[in-house]
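Remarks on the overall topology
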Amino acid sequence: MILLGGRTGRDGCGGATGSSKSHTLQSLETCGAEVQKGNAPEERKLQRLFRNAEACRLIKRCNDFGAGGVSVAIGELADGLDIDLNAVPKKYDGLDGTELAISESQERMAVVVEAKDVDRFLELAASENLEATVVATVKEDARLTMTWNGVQIVDVSREFLNSNGAEKHVDITPEAPKLQKKEIPSDFAQGYHALVADLNVCSKRGLSERFDSTIGAGTVLMPFGGKHQQTPIQAMVHKISVEKKHTDACSLMAWGYNPYIAEQSPYHSAYLAVVESVAKLIATGASFEDVYLTFQEYFEKPLKDGKRWGKPLAALLGAFRAQLDLGIASIGGKDSMSGSFEKIDVPPTLVSFAVTTGKTDEIVTNDAKAAGHKLISLAPAYGEDGLPRAESLLATFEKVTALMRAGKVYAAYTPTFGGIAEAVYKMCIGNGLGFAYDPSMTQEDIFGYSYGSFLLEVDADTAGQTVGFFTEETRITLGDASVCIRELNALYEGKLEGVYSCNIEQTQKEIPTFAYAARSNLSAAIKTARPRVLIPAFPGTNCEFDTAKALADAGADPEIFLVRNLSKAAISASVEEFAKKVSDAQMIFIPGGFSGGDEPDGSGKFITAFFRNAAVKEAVTELLDQRGGLMAGICNGFQALIKLGLVPYGRIMDTDESCPTLTFNTIARHQSRLVRTRICSVKSPWLAERQVGDIVTVPISHGEGRFLASDELIAQLAANGQIATQYVDADGKPTADIHFNPNNSACAIEGITSPDGRVFGKMGHSERIGKGLYQNVPGDFDIGMFRSAVQYFKD
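In this text the structure is predicted, and so the values were computed from the model without any measurement. All residue numbers here refer to positions counted from 1 along the written sequence of the relevant chain. pLDDT decides what is reported in this predicted model: residues at 70 or higher carry local features, side-chain atom pairs at 80 or more are listed and counted, and totals for whole chains, interfaces and linings draw on all residues regardless. To get the side-chain values, all heavy atoms of the structure are used, and hydrogens and water are removed first.

A separate point is the overall build of the protein. Helix and strand labels come from DSSP, where a helix needs a run of H or I of at least four residues and a strand needs a run of E of at least two; each type is numbered from the N terminus. Along the backbone of the protein there are 23 helices and 35 strands. The globule rule used for comparison is 2.2 Å times the number of residues to the exponent 0.38, while the radius of gyration itself is calculated over C-alpha atoms. Computed over C-alpha atoms, the radius of gyration of the protein comes to 29 Å, within 12% of the 28 Å expected from 2.2 N^0.38 for 795 residues, which places it in the range of a compact globule. Along the three orthogonal principal directions, the C-alpha set of the protein runs to about 80 × 75 × 45 Å. Think of it in three bands: residues with accessible area under 20% of the maximum for their type are buried, residues over 50% are exposed, and the middle band is partly exposed, with areas taken using a 1.4 Å probe on protein chains only. For the protein, buried positions account for 55% of its 795 residues.

What follows is the structure, given as structure tokens:
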């Protein structure tokens, strides 16, 4: 048995599987701190290994590491196992046998291979720069043993492990389900003020933007939509991952849960959680076909109290009834019965997640599109128990989908915690619209629950119960009652601003709009119809596949080169091989990622050390100066280019404090969103398709993207046409505003070039492009840099 990936410490994560005989268990360990920002380094290595067809054929069984560490991840793989705890790689010394056996450890896998295949599997792991260690053997005797320092510290039979210990019994006495009527505010404006500031409704944008939402170049819906990127989506939609080809197939996932209903009736809460999660899929454009569920459950410690045990029982019965009524099944889940601390208990929690698949051209966004459009409601009939009637609910699903397929729906939203009131507000804010409720609407209609119903933005002639009309004036009105949306926005985004900031003040002196229209007459020394591009993948790189795909689509011949650093010999071999490959390439492209932990003087440090090696430096210099080749770097790659001196100076050199740099975003956190950039210069061959003044929307995902340089140097760069792109606002003007300039870069600079334009570095992920992406945010997303680079070698 082999362990793949990081190292065991007093922290971690887990998984599960079965048994096999006469095999060796090996563990591949991984240890990464950047998982919150996208694909952590060791996770990425595991992905590469599992793309290898030969490696996959050798694996008989595998399991990911989780809460139980070695004891669970390895212990579940076979009935009989001998585990050598001393062989388990450690983050640090000092761990005893018990800690090695049960400590969590993220980004690791345990795999079972036949004894005859161990050496070959270790070779394959090494080729992917992944640490692999034999840590256990599978045996016929159905016992689990663990040895540490020559002493057998665990010896237990599989029969005992499978028994789950001694049986326990308790009489469960659940309370009869009952759902109280929701309290409706008496004042329209005050009701809205309280609603948008509720923790269940308020903006979570400051938290969401800390996670990379566009990694993989398959994001169909951004987390926040509309031209202002403020309307939160109700379902995740992402293209099915395809490495080299393209697809319009996508996966959808949504969730449902209301803690206040759960406190009153776990039965009703679980049923409505299922309804909510499925309705969100339908509102996003999915058909009610091949929908599956998974449940996340969290309850107070039941102890020996029959009433406390009754809460999870009632929730499961409610969820079970929902599955029967809708004809769909829960295919997985996770539960915990430890939600108590002293006298504090969590509310009964059963969160329903619904998943399905669809096509990108069927997706419907939820940001209202235009003033004058009507909002109609389609709702199922409800039973005396307060739950939607199944037949009516299914018929409503079908009707909504039919209207969408007929092209009659501009936007859709299914009301949840905050009812129609929340839905209308959130539909408006993405594109800065207002709303006028129809006089027939009551405050109970607006603020009450209406799970399973749908709000559809349509033309005025589309039939349905009229809720109201979208307006130009940014107010929400009901008769004479009115509330200003700007006031609501301050409450909505201000609630968590002190915890997850997203609206900090960023100021600079007046920012100039740079413009350099002259194009270069550069030419490649050797012409080719399909230029070869070398893409080095360093530890922490996570954009190499997206970059290779974008280049291949543009007509280039990309090659991902994995830089191996597990030993001095591996590093030396990588240097020698890379330098040789550069001589056969026309371009080098350094993709994004989190090399060195994405921190000042850390990010890109290994990359720059690699390129400063004499052999590599000589090969790169010859590529640029003698053969007229091109080079580019995005995000982490841009950081490396700046530290090497390749931008803005055009050569690998020793840099000092007088040179430009990239440092922490002013907001002091990772930023992931779409931003608008303006083309300032077309001097570079990389920007041959563009005109000065063009606006290109691009995904950003970085924590250290703030460009800093002296005023004198910036003036020199501008005069020479080396400032390629600037962050701009909705009017196309360079700005320091945090909503448009995510890092407070000096003079809003997003990208720069070398003096001749052959080397181009930028923060925005221009490789994350494709048909059907980012459907809820308007913009021109393809800067054309990859096609321009290929054409450079043809002309």
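With that settled, consider the sheet that holds strand 31 (residues 695-702). Picture the strands of a sheet paired through backbone hydrogen bonds; they go either parallel or antiparallel. Note on pairing: DSSP must find at least two bridges between two strands before they are called paired. Across the sheet, 9 strands lie side by side as 26-25-27-28-35-34-33-30-31; this open sheet has mixed pairing. Pairing within the sheet leaves two strands with one partner each, and these edge strands are strand 26 (557-562) and strand 31. Averaged over neighbouring strand pairs, the angle between their axes works out to 20 degrees when direction is ignored. One ladder, built from 8 bridges, connects strand 30 (residues 671-679) with strand 31; its direction is antiparallel. When the sheet's bridge partners are listed, R678 is paired in strand 31 with I695. Think of each axis as a best-fit line through the C-alpha atoms, taken over the contacting stretch in the case of a helix, with angles from 0 to 180 degrees between the N-to-C directions.

Here the focus is the sheet that holds strand 17 (residues 349-359). An order of 11-12-17-13-14 is seen for the 5 strands of this open sheet, with the pairing classed as mixed. Strands at the two margins of the open sheet, each flanked by one partner only, are strand 11 (236-239) and strand 14 (330-336). Taking each pair of neighbouring strands and ignoring which way they run, the sheet shows an average axis angle of 15 degrees. Here 7 bridges tie strand 13 (residues 292-298) to strand 17, and the two strands are oriented antiparallel to one another. Bridge pairing links Y298 to T349 in strand 17. Whether two residues are in contact is decided by their heavy atoms, any of which lying within 4.5 Å being enough. On top of the sheet, helix 11 (residues 306-326) reaches strand 13, strand 14 and strand 17; it is set at about 170 degrees to strand 13, its chief contact.

Right, let's get into unusual backbone geometry. Residues other than glycine predominantly adopt negative phi, and peptide bonds predominantly adopt the trans conformation. Of note, the bond from V647 into P648 is cis; its omega dihedral lies within 30 degrees of zero at 5 degrees. With respect to the element layout, P648 can be found in helix 21 (residues 646-649). The backbone phi angle of D290 is positive, close to 50 degrees, even though this residue is not glycine. The residue D290 is located in the loop between helix 10 (266-283) and strand 13 in this model.

Once that is clear, we can look at helix 12 (residues 390-405). Helix span, as expected, comes to 1.5 Å for every residue beyond the first. In this model helix 12 runs 23 Å from its N-terminal to its C-terminal C-alpha over 16 residues, within 8% of the 22 Å that 1.5 Å per residue would give. Those residues of helix 12 that sit buried are A390, L393, T396, F397, V400, T401, L403 and M404. Mapping the buried residues of helix 12 onto a view down its axis gives an arc of 160 degrees, with all of them on the same face. Opposite its buried face, helix 12 presents the exposed residues E391 and E398, each directed more than 90 degrees away. If you follow the buried residues of helix 12, they end up packed against helix 10, helix 11, strand 18 (374-378), strand 19 (411-413) and strand 21 (454-458). Backbone geometry just downstream of helix 12 places G407 in the positive-phi region, at approximately 75 degrees. Working definition: the arc comes from the directions between the helix axis and the C-beta atoms, pointing outward to the latter.

What follows concerns the confidence of the model for the protein. The predictor's confidence in any single residue is recorded as pLDDT, a number from 0 to 100. Confidence in the prediction of the protein, expressed as mean pLDDT, is 92, and 94% of residues score 70 or more. Here residues 11-39 is modelled with pLDDT under 50, and outside its nearest four sequence neighbours on either side it reaches 173 contacts, counting other chains as well.

This part is about the nonpolar core. Membership of the largest hydrophobic core comes to 77 residues, with the highest contact counts inside it found for F578, F589, F611, M631, W686 and F707. In this structure, F578 is in contact with L534, P536, F561, I588, F610, F611 and V616, ignoring residues within four places of it in sequence. Remark: nonpolar core denotes a set of buried residues (Ala, Val, Leu, Ile, Met, Phe, Trp, Tyr, Cys) joined through side-chain atoms within 4.5 Å.

By secondary structure assignment, the location of S788 is in helix 23 (residues 785-792). A residue is classified by how much of its surface remains accessible, and S788, at 3% relative accessible area, is buried. Two N or O atoms count as a polar contact when they lie within 3.5 Å, although within protein this holds only if one can serve as hydrogen donor and the other as acceptor, and sequence-adjacent residues are included solely when both atoms are side-chain atoms. Of note is the side chain of S788, whose polar atom sits 3.0 Å from the backbone oxygen of G784. When neighbours within four sequence positions are excluded, S788 is seen to be in contact with P685, W686, L687, A688 and E689.

Attention now goes to the pattern of salt bridges. Within this document, salt bridges are pairs made up of a side-chain nitrogen of Lys or Arg and a carboxyl oxygen of Asp or Glu, the two lying within 4 Å of each other. Summed over all chains, the structure comprises 37 salt bridges. We note a salt bridge from R120 to E54, for which the minimum N-O separation is 2.8 Å. With R120 in helix 5 (residues 118-127) and E54 in helix 2 (residues 53-58), this pair connects stretches of sequence that are 66 residues apart. Residue K311 is joined to E300 by a salt bridge in which the shortest nitrogen-to-oxygen separation is 3.2 Å. Separated by 11 residues along the polypeptide, K311 in helix 11 and E300 in the loop between strand 13 and helix 11 bring together distant segments of the chain. Accessibility expressed as a relative area gives 29% for K311, which makes it partly exposed.

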